[in-house]
Amino acid sequence: MLIGWAYGLLWIAVLLYIAYTALRRHWLGLGATSAATLSWGLLTAGLADRGLAAGHWPMVGRYEFPLCFTWAILTIYLALETAWHERRAGAFVLVIALVVAGYAASRPSGDKNPSPLLPVLRSAWLQVHVLSAVIGYGAFAVAAGAGLARLPARAPSQATAPSPDAEGRKWLPAAADAERMIEWSLTFGFPWLTFAILAGAIWAQNAWGRYWGWDPKETWSLVIWLWYLLILHLRPIRSWRGRRLAILAIIGLGLVFFSFIGVPWLVRSAQLESLHGF
Amino acid sequence: MYNIFGLVSIKARRKMPASRIGFWASTGSRLLWRLFSQLKFAALLLLVVLLLAAFGSSLPQIPPEVAEDASRLAFWREAVRGKYGPFADLLWSLGLFRFSRSALFLAPLALLVVSTILCTLNRWRGVCRRALNRDVVCPEAVFESSPHRARLEAQADTRLWQTLRESLRERGFRLRSATSEGVLYLRAERNGLSPLATLVNHFALLLLLAGALLSGFWAWREELVIPPGETARISHSQGLALRNDGFTIRRYPSRAAASYEANVTLIEEGEPVRSGLIRLNMPLAHRYVRLYLRGYEGKEGAYTLRLLAGYDPGYPLFVIAGCIFLVSLCVSFFLPHACIQARMEPEGALHLAGHADRQAYAFAEEFASLIAELRQRMEKQDAS
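Worth saying up front: this structure is predicted, and the values here are computed from it rather than measured.

(A) A look at the overall build of chain B. From N to C terminus, chain B includes 11 helices and 13 strands. In terms of overall dimensions, chain B has C-alpha extents of about 95 × 65 × 40 Å along its principal axes. With 384 residues in all, chain B has 43% of them scored as buried. Within chain B, contacts between residues separated by at least 24 positions form 59% of all contacts whose residues are at least 6 apart in sequence. Within the structure as shown, chain B displays about 20600 Å² of accessible surface, and the carbon and sulfur contribution to it stands at 58%. Averaging the locations of the 47 positively and 33 negatively charged side chains of chain B gives two centres separated by 6 Å.

Laid out in structure tokens, this is it:
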């Protein structure tokens, strides 16, 4: 129930952010932030309630993991909005959160029922590995949202203090603000993803006797890690900032989505072997 | 004077050395050095490796136990031939059914390792200089070329200088000052050693790959199938055997399996040395061998165990290198080096120059805020 209300409020928040972006009324912005914050609170409570009912942290499977992913996106975005007093990227970021939450909502009822953990998942490394992956992916989603907001802006990228958009596109965040959000999110998310992969490797060694087996899920986590490593290497090059950086961040989120939706489909359709089929 | 994919441009030497071969060899090695040291080239290699990994993940991979058994390997090959038809032989010859060991994947990975090494060798002096440089008196060029610059005019007194020092201290900078020919110099730094973290994390990545290499060449794994009460020898570990003393399934109230426990006795040179439990996620370790629970067969009271015995010398190095990499990454990202240099002339002109390794926007805001604060304090002092 709590999760359902959180999802509904997330819809309202997205609509309010879009209205704020279009009309730039302060009360719309306040309403959007309030709705997003309330949605976050209900989602937190809903996940805690589910965890207590199931007897384990609610981060397993194709229902719980996307909910945790949504929670991470909301947490990181709301923290940045509060710190920087900038909510014009909210519509873009929360649409991504809505897509992820929508995926969770579309799961069949069998996936939604809380169930006890499989024996192989009964390990403290579950919390460490999945939580750090969720935080990393959440940060990448915020980066992609800021990237979407950066795409239409024409102001050139400048590492200077934030300033109003020169083209008068006041419904968008200034190019510098969007790029700051992209940069911050990428540098926040990458260590978390690295930690998730390392924790996963240690857990795999304890569970399966090998820390890396080129399982499709493992390989795709490496693909994502390499992609963001590539972005971090291109970032110092002036010609790869601005809109190009935004596009790279958006592609990165595409890879993240493929990893948690596409890889299970790939395993099934190509009849591959995978130890991550849970 | 040519470009390779826009990556490198060189200028031919004006003077030809006596030996033409020597000229081309030295030019060629310079070209390669510069190519491998370039960020764009490293990024290109990263892209190639990740694309190959993504493609390889879409193909079934030969399990290690199948690769070691010729008859099982032939059977497996027939199965993929049935699945992929005429493409199977092509994919097989390219090694894509074990892509992590194929030349197609290892070649760009090796180039990436070489690029990492050369890039580090190319940059380590500059990085160390930046981290360990304690020169306070700096040339004029610093105040003309830094990404953040400001100039303030003040009365020829030291109050502005003191105000600057206080503001920088409040912001967490460590200060060093000096005087040269009547001019005051100040160097304010935060996280001064942080640039070294880049060298550390590149080194850690190489260590990590070294651990993976150790694992690839010297690790072994052996599957054991042990009926109840029976003993099985571990052929990789001389004299070590395991006896199946029982298997327990603990269940949830819903009867779903909650955990599995295998009770085994380790036998060395025919003598039992210890008994222990092997659970999922909790392997049993004996000397350098670790024992894992893979599965079970049979019915209650007469379970046959499927265990995995393994030894991996690369794993500890992998974990240590991974931890070093993570810590140095966090230092590099979250404790970036920032430096503000100041020069005050006897006439009262104050020049400021600042740069930060990362978080450029945050530093830009901080620098602007510092200038605004200085101007505000100057106005207050002038008013009073």
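(B) Representation of the overall build of chain A within the structure. Counting its secondary structure elements, chain A contains nine helices and zero strands. The linear arrangement of helices and strands in chain A, starting from the amino end, is α-α-α-α-α-α-α-α-α. The C-alpha atoms of chain A give a radius of gyration of 19 Å, which matches the 19 Å a tight globule of 278 residues would have. Projected onto the principal axes, the alpha-carbon positions of chain A cover approximately 55 × 45 × 30 Å. Residues classed as buried in chain A amount to 59% of the 278 residues present.

(C) Spatial organisation of the confidence of the model for chain A. On average, chain A scores 89 in pLDDT, and the residues at 70 or more come to 93%. Note on residues 157-168 of chain A: pLDDT is under 50 here. Beyond four places in sequence and across chains, it has 27 contacts.

(D) Representation of the domain arrangement of chain B within the structure. The domains assigned to chain B are domain 1 (36-124), domain 2 (134-191 + 336-383) and domain 3 (220-310). Here the C-alpha centroids of domain 2 of chain B and domain 3 of chain B sit 68 Å apart.

(E) Seen up close, the packing of aromatic side chains. Under the defined criterion, the tally for this structure stands at 37 aromatic pairs over all chains. Seen from their ring centres, A:Phe190 and B:Phe333 are 6.4 Å apart, and the 50 degrees between their planes marks the pair as tilted. Placement of A:Phe190 in helix H7 (residues 175-208) and of B:Phe333 in helix H10 (residues 314-334) is noted, with the two residues assigned to different chains. Joined through ring pairs, the aromatic side chains of A:Phe65, A:Phe69, A:Tyr103, A:Tyr137, A:Phe257 and A:Phe260 make up one cluster.

(F) Highlighting the packing of helix H8 (residues 216-234) of chain A against helix H2 (residues 39-56) of chain B. Their axes nearest at 9 Å, the elements H8(A) and H2(B) cross at an angle of 165 degrees. With respect to their mutual orientation, H8(A) and H2(B) come out roughly antiparallel. Of the two possible hands of crossing, H8(A) and H2(B) adopt the one that is left-handed. Residue-level contacts link A:Thr219, A:Trp220, A:Val223, A:Leu226, A:Trp227, A:Leu229, A:Leu230, A:His233 and A:Leu234 of H8(A) to B:Leu39, B:Ala43, B:Leu46, B:Leu47, B:Val49, B:Leu50, B:Ala53 and B:Ala54 of H2(B). Per-class residue counts for the contact of H8(A) with H2(B) are 15 nonpolar, two polar and no charged.

About the criteria used
- Residues numbered from 1 in each chain as written.
- Chains lettered and ligands numbered in written order.
- Predicted model: local features only at pLDDT ≥ 70, side-chain atom pairs only at ≥ 80, totals over all residues.
- Heavy atoms only, no water.
- Helix = DSSP H or I, 4+ residues; strand = E, 2+ residues; numbered from the N terminus.
- Buried < 20%, exposed > 50% of the residue type's maximum accessible area, 1.4 Å probe, protein only.
- Contact = heavy atoms within 4.5 Å.
- Areas by Shrake-Rupley, 256 points an atom, 1.4 Å probe, with all protein chains shown as cover.
- Lys, Arg positive; Asp, Glu negative; His and termini not counted.
- Charge placed at Lys NZ, Arg CZ, Asp CG, Glu CD.
- Rg over C-alpha atoms; globule rule 2.2 N^0.38 Å.
- pLDDT = per-residue confidence, 0-100.
- Domains from an automatic or database assignment.
- Phe/Tyr/Trp six-rings, centres within 6.5 Å; stacked < 30°, edge-to-face > 60°.
- Axes fitted to C-alpha atoms, helices over the stretch in contact; angles between N-to-C directions.
- Parallel < 35°, antiparallel > 145°, perpendicular 65-115°, else oblique.
- Left-handed = near helix turned anticlockwise from the far one by under 90°.
- Nonpolar A, V, L, I, M, F, W, Y, C, P; charged D, E, K, R; others polar.

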